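Architecture and fold: a report
The primary structure of each chain is shown beneath.
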Amino acid sequence: MKMAIFQVRTWLSRRFSSVSSHPLQVCVVGSGPAGFYTAEKMLKAHQGAQVDIIDRLPTPFGLVRSGVAPDHPETKIVVNQFSRAAQHERCSFFGNVTLGSSLSLAELRELYHVVVLAYGAESDRVLGIPGEDLIGIHSAREFVWWYNGHPDCKNLDLELKNTDTAVILGQGNVALDVARILLRPATELATTDIASHALAALEESSIRKVYLVGRRGPVQAACTAKELREVLGIKDLYIQIQEADLLKTPKDEEEIKNNRIQRRVYELLSKAATTGHSYPRSGQRELHFVFFRKPDIFLDSDERRGHVSGVHFEKTVLKDVGGGKRVAVGTGQFDDLQCGMVLKSIGYKSVPVVGLPFDHQKGVVPNIRGRVLHNTSEDPTLLEEGLYVCGWLKRGPTGIIATNLYCAEETVASILEDLDKGVLATKSFSPKPGREGLLHLLDNRNVRVVPFNGWEKIDSTERRVGSLKNKPREKLATWEELLKAATE
Ligand SMILES: Cc1cc2nc3c(=O)[nH]c(=O)nc-3n(C[C@H](O)[C@H](O)[C@H](O)COP(=O)(O)OP(=O)(O)OC[C@H]3O[C@@H](n4cnc5c(N)ncnc54)[C@H](O)[C@@H]3O)c2cc1C
Ligand SMILES: NC(=O)c1ccc[n+]([C@@H]2O[C@H](COP(=O)([O-])OP(=O)(O)OC[C@H]3O[C@@H](n4cnc5c(N)ncnc54)[C@H](OP(=O)(O)O)[C@@H]3O)[C@@H](O)[C@H]2O)c1
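Residues numbered from 1 in each chain as written. Chains lettered and ligands numbered in written order. Predicted model: local features only at pLDDT ≥ 70, side-chain atom pairs only at ≥ 80, totals over all residues.

1. Details of the overall build of the chain
For the chain, the count of helices and strands is 18 helices and 19 strands. The C-alpha radius of gyration of the chain comes to 24 Å, within 12% of the 23 Å expected for a compact globule of 488 residues. By principal-axis analysis of the C-alpha atoms, the chain measures approximately 80 × 55 × 40 Å. Every one of the 488 residues in the chain was classed for burial, and the buried ones make up 43%. Across the chain, every contact between residues at least 6 apart in sequence was considered, and the portion connecting residues at least 24 apart equals 77%. (Helix = DSSP H or I, 4+ residues; strand = E, 2+ residues; numbered from the N terminus. Rg over C-alpha atoms; globule rule 2.2 N^0.38 Å. Buried ≥ 20, exposed ≤ 12 C-beta atoms within 10 Å, placed from the backbone. Contact = placed C-beta atoms within 7 Å.)

2. Section: the site of ligand 2
Residues in close proximity to ligand 2 total 26 residues, the closest being G170, G172, N173, V174 and I346. In terms of residues, the shell around ligand 2 owes the most to one element, helix α7 (residues 173-183), which gives 4 residues. Inspection of the shell around ligand 2 shows a minimum of three residues originating in each of domain 1 (2-122 + 353-448) and domain 2 (125-348). (Near = placed C-beta within 6 Å. Domains from an automatic or database assignment.)

3. What to know about the site of ligand 1
What surrounds ligand 1 is a group of 34 residues, the closest being G30, G32, G62, G120 and G391. Among the secondary structure elements, those contributing two or more residues to the shell around ligand 1 are α2 (33-45), α7 and α14 (403-421). Take the shell around ligand 1: its biggest share by element is 3 residues, from α2. Two domains share the shell around ligand 1, each providing at least three of its residues, namely domain 1 (2-122 + 353-448) and domain 2 (125-348).

4. Side note on the domain arrangement of the chain
Size of an interface: often given as the accessible area lost when the parts come together. Split into domains, the chain comes out as domain 1 (2-122 + 353-448) and domain 2 (125-348). Domain 1 and domain 2 are separated by 35 Å when their C-alpha centres are compared. Every contact between the two is made by 10 residues of domain 1 and, on the other side, 14 residues of domain 2. For the side of domain 1 that touches domain 2, a count of residues per class yields 6 nonpolar, 2 polar and 2 charged. (Nonpolar A, V, L, I, M, F, W, Y, C, P; charged D, E, K, R; others polar.)

5. Thoughts on the UniProt feature "binding site: NADP(+)" (unreviewed entry) in the chain
As recorded in UniProt, the feature "binding site: NADP(+)" (unreviewed entry) lies at Q171, G172, N173, V174, R215, R216, E227 and G399. Inspection of the secondary structure assignment puts G172 in the loop between β7 (165-169) and α7. When sequence neighbours within four positions are dropped, the list of residues in contact with G172 reads A222, C223 and S345. The topology assignment puts E227 in helix α10 (residues 225-232). Classification of E227 by C-beta neighbours within 10 Å gives partly exposed; the count is 19. (UniProt positions renumbered as here; feature names shortened; annotations may be inferred.)

6. Let's talk about α14
Between the first and last C-alpha of α14 there are 27 Å, a value that for 19 residues agrees with the 27 Å anticipated at 1.5 Å per step. Among all positions in α14, only N404, C407, A408, T411, V412, S414, I415 and L419 are buried. Across the axial projection of α14, the buried residues extend over an arc of 150 degrees, all falling on one side. When the buried face of α14 is taken as reference, the exposed residues oriented beyond 90 degrees from it are Y406, D420 and K421. Where α14 is buried, its residues contact α2, β4 (114-117), β17 (371-373), β18 (383-389) and α13 (392-395). G422, located one to two residues past α14, shows a positive phi value of around 80 degrees. (Expected span 1.5 Å × (residues − 1). Arc of directions from axis to C-beta.)

7. Brief notes about the sheet that holds β7
Strand order in this open sheet of 6 strands is β6-β14-β7-β8-β10-β9, and the pairing throughout is parallel. Each having just a single partner strand, β6 (137-139) and β9 (237-241) make up the two edges of the open sheet. Averaged over all adjacent pairs, the angle separating strand axes in this sheet is 20 degrees, with direction ignored. As defined by bridge partners, β6 adjoins strand β14 (residues 341-344) across 3 bridges and the pair is classed as parallel. Bridge pairing in β14 links I137 to V342. Packing of helix α6 (residues 140-147) onto the sheet brings it into contact with β6 and β14, and relative to β6 it is tilted by some 80 degrees. (Pairing = 2+ DSSP bridges. Axes fitted to C-alpha atoms, helices over the stretch in contact; angles between N-to-C directions.)

Dropping the structure here:
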């Protein structure tokens, strides 16, 4: 690595002598909403900025492609806006470039005046309880990547044909997406952009019963009303909610009074609990909402050793911890749910790269309004010059697409302020190699960069194949297919 840095430096010094006027070289790492909103704002706000966006995938758009559910096409329209940014004359996209393996953070910072990290949260929170690595237990992230054709999860080994029951842990919007995909008739998914391997597997799935389990109550469920209404509205679905769980305490009443979303969610759950039949018809698909349960142990199957056969839960009650926050605490009473598949939907987690200050407790890069803090310093206000952060890596893994717009505005405002104040000028007011230097370095390492027109080739292949099946696109879901289509 030292050798590589040396080579870049030598190249840099040669290049400096030949540059007369120099743009502000900006590199954004990650092409999800946070990355694209940052690029868009930066291009608009600084006429001298040249913005390069790198992404580890050959495809852009982050979770808009690999997270947003296939039956939510209207949410994905935002990619048109992102594509316009990528096609701006001062912007470039370079896919198949991974920060941390294609090149290091230190190298990137040598190449650019400003580096904005917007690489999201690509790992999972863990429960840390016995049995978590049994076969049949996956994170919701992996399941979502699987049905959305992310090339890292095409071969996920799911238990869809070996059981009729799945338990989903967590009650946020991701949990609802995952429940909907498991329970919706596969015929309704057939005309979406769901990956073909997932559609085929869901058509043959034997899952009939899904439990959505929350450690707190219906008043505290983390989902939003529109998404809840959608899952409750699935055709011919039996819904079960224990009426006892819907009893509200005075504290619940207070929470509901102060929060419109929580109130709507509670009302929808209450209504669902009292409508419909008391028992499912034979063969009818079922969705059970279970509250006040925290997972304690995953149970190993007797018949199929090493496979999950259920979850042992501890019943909970809510405890005030101040600041209006109420957490679930165990009561010492337990019960089990039998199942052959578990999806943990308890939140995503960001991962650091070498040389990046990182708050492991919160799972974010420590920052002040997007400026990365130098965390080894005694001085908590000391900043990493030229290094910024945006999106889930900055705030943690919550918020919808639009939240990243405001987040990017804040980060770009900090960059502009630093430029104005000369904070960025101390070491960096010399030309930097930017795009040319990046491509030179990657070429030396035989990294097969996929430019935006490579993505456009993938896009047109996917649309062409999709149109033959009455789908908006047929996603290419392996690295080989994606890289091949990018160069055709
Ligand atoms: C399952 C799911 C469904 C969702 N559905 C909706 C919805 O319907 N509507 C809505 O408004 N919001 C939805 N959201 C929320 C929304 O997707 C997020 O708010 C948003 O995507 C976060 O943006 P980001 O740019 O921070 O991260 P991401 O979108 O995750 O983008 C990060 C990018 O960084 C790249 N990357 C990662 N590591 C590296 C690396 N080392 N080097 C280079 N590149 C790297 C990734 O490939 C990715 O392209 C959903 C979220 C999830 C998880
Ligand atoms: N259609 C959409 O707009 C859409 C779709 C998908 C995602 N999103 C957004 O994407 C973001 C991420 O969604 P998400 O569902 O991953 O996160 P989330 O909304 O934070 O929900 C996480 C869930 O996991 C539970 N949980 C966390 N730790 C747990 C533990 N140790 N044990 C048991 N349960 C635990 C939480 O319970 P507690 O509440 O008790 O902590 C909560 O129910 C959210 O902002 C969401 O709105 C939006």
